[in-house]
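Descriptive structure summary
In case you want the letters, here they are:
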Amino acid sequence: MLPDKDRGRFPRYEEWLHQRDHGLAQGWRHRERRPPGIEGPTFVRPAPQDIRAFAPVVEGWHVHYRRLGERGSPAFTDRGQEIDIYDSNRRESVLAALQLSAQKWGTFTIRGNERFRSMCVELAAEHGFKIANPELQQAIAAERERIRSPRRERPTGLERRAAEILATRTPADVYRRHLADVTRERPGQPIAPSRVDLEIAVRMRLAGHRRGEIERAIKDAVPAGRRGETRDWDAYAKRTVAVAFGIPGDRLSEHLRRQHDRFRQLQERHREESERLPPGGPFSRFEPGR
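I will try to describe carefully the structure that is included in this document. (Residues numbered from 1 in each chain as written. Predicted model: local features only at pLDDT ≥ 70, side-chain atom pairs only at ≥ 80, totals over all residues. Heavy atoms only, no water.)

**Let's talk about the pattern of salt bridges**
- Scanning the model with the defined rule gives 21 salt bridges in all.
- Close ionic contact of arginine 111 with glutamate 39 constitutes a salt bridge, the shortest N to O distance being 3.3 Å. Within this pair, whereas arginine 111 is found in strand β6 (residues 107–111), its partner glutamate 39 is found in strand β1 (residues 37–39), the two being separated by 72 residues in sequence.
- For glutamate 39, a relative accessible area of 29% gives the class partly exposed.
- The partner of arginine 239 in a salt bridge is aspartate 50, and the shortest N-O contact between them spans 3.5 Å. (Salt bridge = Lys/Arg side-chain N within 4 Å of Asp/Glu carboxyl O. Helix = DSSP H or I, 4+ residues; strand = E, 2+ residues; numbered from the N terminus. Buried < 20%, exposed > 50% of the residue type's maximum accessible area, 1.4 Å probe, protein only.)

The structure is reproduced here in structure tokens:
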């Protein structure tokens, strides 16, 4: 039998983890200073998900999500029963992590500092996320009540007229009218269909449509024009509307706001304009999109 000094050094736990999974070793190393995150009730094996503006990268048993066009550390990482959020100061990253958590578990708990928890309360109230933390329920309820009872200026005659007309037209009809307008504005330009859907969602938001109306518009109108795609249109509509009412939608709305009055007038027309869409459907000249 070899003496102890000839048997080799027994590896430290972190070294043993590293031999099997780099992510587990990293998690163990930083266990005392973990970032804010989300915890689910069960382990759900990480798998790449289609989250707008974020690209999944599989590493071992984990899936990292990075913002499109950015390098370096991931915005957040799916570890199975937990999601660590490294980019916790950016609202868009936290929103995407919450969306992933809702897909995985439905109901979940959050951990983090006061700023992170406050941001999650706002997002839960705005998007309907089910956060289970008992200490946050009163804050979420109060934020939802604040959103339901905003202070509004007295509507103008044009706004009242638009509301009357929109009440007799389906959301899908409004979506198709905006789609025809976008098509006319950009003849021959390759645009991803998902980008078009986002712009139309923001247009409808500016015109005063509620989130549920825009979701119905996308679910009812989009699949008919893109029969070659197989996807969960209900989930797609929810993601698109979430982005339209999030930070990317805020930025796009600022760009489109100067056309606000034109969008309302567009929806007031009783008949479709005589200009026809291109053969093969409105997306026949658009590049494929996610």
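**Focus on the packing of aromatic side chains**
- Going through the model one piece at a time under the given rule, you end up with 3 aromatic pairs.
- Relative to phenylalanine 76, the ring of phenylalanine 54 has its centre 5.6 Å away and its plane inclined at 50 degrees; by these criteria the two rings are tilted. Here phenylalanine 76 lies in strand β4 (residues 76–78) and phenylalanine 54 lies in strand β2 (residues 54–59), a separation of 22 residues in the sequence.
- Phenylalanine 54 sits in the buried class, given a relative accessible area of 1%.
- Here phenylalanine 76 falls in the buried class, since its relative accessible area comes to 0%.
- Following the ring pairs from residue to residue traces out a cluster consisting of Phe54, Tyr65 and Phe76.
- The ring of phenylalanine 245 carries the charged tip of arginine 211 above its face, separated from the ring centre by 5.1 Å.
- Directly above the ring of tryptophan 233 sits arginine 231, whose terminal nitrogen or CZ lies 5.6 Å from the centroid. (Phe/Tyr/Trp six-rings, centres within 6.5 Å; stacked < 30°, edge-to-face > 60°. Lys NZ or Arg CZ within 6 Å of the ring centre and 35° of its normal.)

**Quick look at the side chain of aspartate 84**
- Residue position: aspartate 84 is located in strand β5 (residues 82–85).
- Accessibility expressed as a relative area gives 5% for aspartate 84, which makes it buried.
- For aspartate 84, the side chain forms a polar contact with the side chain of arginine 34, separated by 3.1 Å.
- Among the polar contacts made by the side chain of aspartate 84, one reaches the side chain of arginine 111 at a distance of 2.3 Å.
- Not counting the four nearest positions on each side in its chain, aspartate 84 is found in contact with Arg34, Pro35, Pro36, Gly37, Ala75, Phe76, Thr77, Arg79 and Arg111. (Polar contact = N/O pair within 3.5 Å; in protein donor to acceptor, adjacent residues only side chain to side chain. Contact = heavy atoms within 4.5 Å.)

**Section: the pairing of β6**
- Bridge count for β1 against β6 is 3 bridges, and the pairing is antiparallel. Counted as the bridge partner of isoleucine 38 is isoleucine 110 from β6.
- When β6 meets strand β7 (residues 130–131), the two strands line up parallel, connected through 2 bridges. Note on β7: the bridge partner recorded for phenylalanine 108 is isoleucine 131.
- Chirality of the crossover, the property in question, places the unit of β6, helix α4 (residues 114–127) and β7 among those that are right-handed. (Pairing = 2+ DSSP bridges. Right-handed = clockwise from strand over helix to strand, strands pointing away.)

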